[in-house]
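One-letter residues, chain by chain:
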Amino acid sequence: MKISEILSAKDITISMEVFPPKTMDNYEKVARAADAIASYQPDFMSITYGAGGGTSEHTLKIAEEIRRREGVETLCHLTCVSSTQAKVHSQLARMQEMGLMNVMALRGDLPADGTAVLSDHYRHAVQLIEEIRQTGDFCIGGACYPEAHPESPSRKEDLRHLKEKQDAGCDFFTTQMFFDNSAMYSFLYRAREAGITVPIVAGIMPLTSVKQVARSQAMSGTFFPARFRTMVDRYGSNPKAFAEAGIAYATEQIADLIANDVTHIHIYTMNHPKTAREILNRLVYVLGREVLGPVGPAASGAGKTDPIGSSGIIHE
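These numbers come from a predicted model, not from an experiment.

Rules of the game
Residues numbered from 1 in each chain as written. Predicted model: local features only at pLDDT ≥ 70, side-chain atom pairs only at ≥ 80, totals over all residues. Heavy atoms only, no water. Core = buried A, V, L, I, M, F, W, Y, C linked by side-chain atoms within 4.5 Å. Buried < 20%, exposed > 50% of the residue type's maximum accessible area, 1.4 Å probe, protein only. Helix = DSSP H or I, 4+ residues; strand = E, 2+ residues; numbered from the N terminus. pLDDT = per-residue confidence, 0-100. Contact = heavy atoms within 4.5 Å. Pairing = 2+ DSSP bridges. Axes fitted to C-alpha atoms, helices over the stretch in contact; angles between N-to-C directions.

Peer 1: Can you walk me through the nonpolar core in this structure?
Peer 2: One broad trend across soluble globular proteins is that nonpolar side chains are buried collectively. Ile132, Met184, Phe187, Ile200 and Ile265 are the most contacted members of the largest nonpolar core, which has 63 residues in total. The dominant element in this core, judged by the number of residues it contributes, is helix α2 (residues 27-38), at 6 residues.

In structure tokens form, the structure reads like this:
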């Protein structure tokens, strides 16, 4: 089923993201975490591509397994970084063979070590979107930034590029993480005024460690409101308290968004089934979903790394 059809058919949707392992050594651990998250029956799951496109084989494998075993629709990331035309067409052909019809088209992160570059064919996400649209009957997602893309000279320019992606064939957008809902509401108003008519899914990142806070701000330059900074100051030296407070903060964000009719929510789970379960259980009545049981021991430790930067935090 196409993601656009899911977003159109349901008043409230909750989607979740997982990232594939860098090597086969960690594949089973990540697959168990993905299966555990899929067992919570999100409306769809997004499977990232990894920095430099280095995990593309694992992306498709995890996406196909989740869809086949758990019956959850999947969204496969595809990036401009390190992608030749031949590689893009090969990846899309494999997706068609596997029955995968949803693509998240991104520029992608340029690795700090300079090992990956942008090809002449795909220097911006809009070029990749155009190529996918011409290749087959895919549902295409794209990225957007409530606080504007870090490389954009202005919010107006950022929205102009977003409109170009919609015109090129994007069926929906998912936002970069944000921690101030007022920024999201302002962005939605400006986006609609700029002619963005496709669904916009709000991306929420539960930050459960101080390390994540520092790396998130360094990567995306996101704004942390005063009440979030107060939480960091108060609980930052107590890892368990901070993790609990971070989940509570994300939960409150989601409840407020839905109350204000922003009803399509994407949770960057960082491969942590326990975090996903905690959020869903705190929103049982808001979402109209059943209480979830405990995470199994095999899955509960499957996301103990802190891999912000190779996780699919979305870029353009």
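Peer 1: Even after reading the chapter, I still don't get the confidence of the model for the protein, so can you show me in this structure?
Peer 2: Should the pLDDT be low somewhere, the predicted coordinates at that spot are not to be read in detail. In the predicted model, the protein carries a mean pLDDT of 86, and the fraction of residues at 70 or more is 85%. Note that pLDDT drops below 50 for residues 300-316; the model gives that stretch 68 contacts with residues more than four away or on any other chain.

Peer 1: Explain the sheet that holds strand β2 (residues 44-47) here, please?
Peer 2: By way of backbone hydrogen bonds, the strands of a sheet pair with one another, either parallel or antiparallel. What the 8 strands build is a closed barrel, ordered β1-β2-β3-β4-β5-β6-β7-β8; its pairing is parallel. Taking each pair of neighbouring strands and ignoring which way they run, the sheet shows an average axis angle of 30°. Alignment of strand β5 (residues 139-144) against strand β6 (residues 172-175), held across 4 bridges, turns out to be parallel. In the sheet register, Gly142 faces β6, and the bridge partner there is Phe173. Most of the contacts of helix α7 (residues 181-193) go to strand β7 (residues 200-204), to which it runs at about 160°, and overall it touches β5, β6 and β7.

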